[in-house]
Amino acid sequence: MIIVLLGPPGAGKGTQAQRIMSSRGIVQLSTGDMLRAAVANQTEVGRKAKEFMDAGKLVTDEIVIGIIADRIEEEDCKNGFLLDGFPRTVAQAEALDDLLENKNLKVDAVIEMKVDDEALVDRITGRYTCAECNAGYHDTNLKPRVAGVCDSCGSTNFKRRADDNRETVVSRLETYHAQTAPLLPYYSGKGVLKTIDGMADIDDVTTQINEVLDAL
Ligand code: ADP
Ligand code: ADP
Ligand code: ZN
């Protein structure tokens, strides 16, 4: 099963991807997480990506397509994968189709998570994650059960992303509407687009996604 989660920054892609990963046993491939790891490790890719990420702009197609092309060859992708944050341009979507076609595979479903821009700013500025296991939280929408302690691993270290500030969010939303929204007609033309209400609460969004996946 090859699934794409599509939606603006803060739509809930990472939150839902973590849930689907644990309930269905398929891996989450987040290009954002991979790029942040490359930046932290100061690799060549990380050095090239950093200034685009800090500005809320897209990293070049060449870089992210290269990352995904390598990643989907790994053993844990054999039974399918869930793409979170890729593709983000039509060129990336076409490259993905080509990569999959070479393996006699295709994208089974693209799940569009629809959320109003106003809600996104609040979601992004309130977002933080566990520094140890990457579990996602929010200042008001999703707090750990015990304040200051990660539900999943018990760590007390949390982190916020450098680009999760109000100024960069505006630029990221513009980027989404200009460069990523054209993927909606692209995938709808292929008959694989499923749109869900991303404004609903977190559990309800999970239910909607499970309904889509169960129907495949
Ligand atoms: P994305 O991966 O699409 O950028 P995230 O999954 O990181 O988005 O979600 C952004 C923030 O919003 C997180 O802090 C998360 O806890 C919170 N969040 C996710 N889904 C919802 C929802 N349905 N309602 C309210 N807050 C949400
Ligand atoms: P969010 O879901 O909150 O927008 P991500 O973690 O998916 O954030 O991405 C963070 C940043 O990483 C993006 O703003 C962009 O600079 C870069 N990035 C991630 N995925 C891609 C991609 N597929 N193409 C180009 N740039 C990407
Ligand atoms: Zn944790």
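Residues numbered from 1 in each chain as written. Chains lettered and ligands numbered in written order. Predicted model: local features only at pLDDT ≥ 70, side-chain atom pairs only at ≥ 80, totals over all residues. Heavy atoms only, no water.

J.: Could you give an account of helix H3 (residues 44-54), naming the residues involved and the relevant values?
T.: Among all positions in H3, only Gly-46, Ala-49 and Met-53 are buried. Down the axis of H3, the buried side of the element spans an arc of 75°, and every buried residue falls inside it. Structural note: H3 exposes Glu-44, Arg-47 and Glu-51 on the side pointing more than 90 degrees away from its buried face. Taken together, the buried residues of H3 touch helix H2 (31-40) and helix H7 (166-180). Two residues or fewer past H3, Gly-56 is found with a positive phi of approximately 75°. (Buried < 20%, exposed > 50% of the residue type's maximum accessible area, 1.4 Å probe, protein only. Helix = DSSP H or I, 4+ residues; strand = E, 2+ residues; numbered from the N terminus. Arc of directions from axis to C-beta. Contact = heavy atoms within 4.5 Å.)

J.: Would you mind going over the nonpolar core in detail, with residue names and values included?
T.: Leu-29, Leu-35, Phe-81, Leu-83, Leu-96 and Tyr-187 are the most contacted members of the largest nonpolar core, which has 31 residues in total. Elements with a minimum of two residues in this core: strand S1 (2-6), strand S2 (27-30), H2, H3, helix H4 (61-71), strand S3 (81-84), helix H5 (90-101) and helix H8 (183-189). Sorting elements by how many residues they give to this core places H4 first, with 5 residues. Aside from chain neighbours lying at most four places away, what touches Leu-83 is Ile-3, Val-4, Leu-5, Leu-29, Ile-68 and Leu-96. Core analysis: the next-biggest nonpolar cluster, separate from the first, contains 23 residues, Ala-109, Val-115, Ala-119 and Ile-196 among them. (Core = buried A, V, L, I, M, F, W, Y, C linked by side-chain atoms within 4.5 Å.)

J.: If you had to explain the coordination of the zinc ion (ligand 3) to someone new, which residues and values would you point to?
T.: Distances from the zinc ion (ligand 3) to its protein donors, namely Cys-130 (SG), Cys-133 (SG), Cys-150 (SG) and Cys-153 (SG), fall within the range 2.3 to 2.4 Å. Written as a sequence motif, the donor arrangement for the zinc ion (ligand 3) is C-x2-C-x16-C-x2-C. Of the two residues, Cys-133 sits in the loop between strand S5 (127-130) and strand S6 (136-138) while Cys-153 sits in the loop between S6 and strand S7 (158-159), which places them 20 residues apart along the sequence. (Donors = N, O, S within 2.8 Å, 3.2 Å for Na, K, Ca; no water.)

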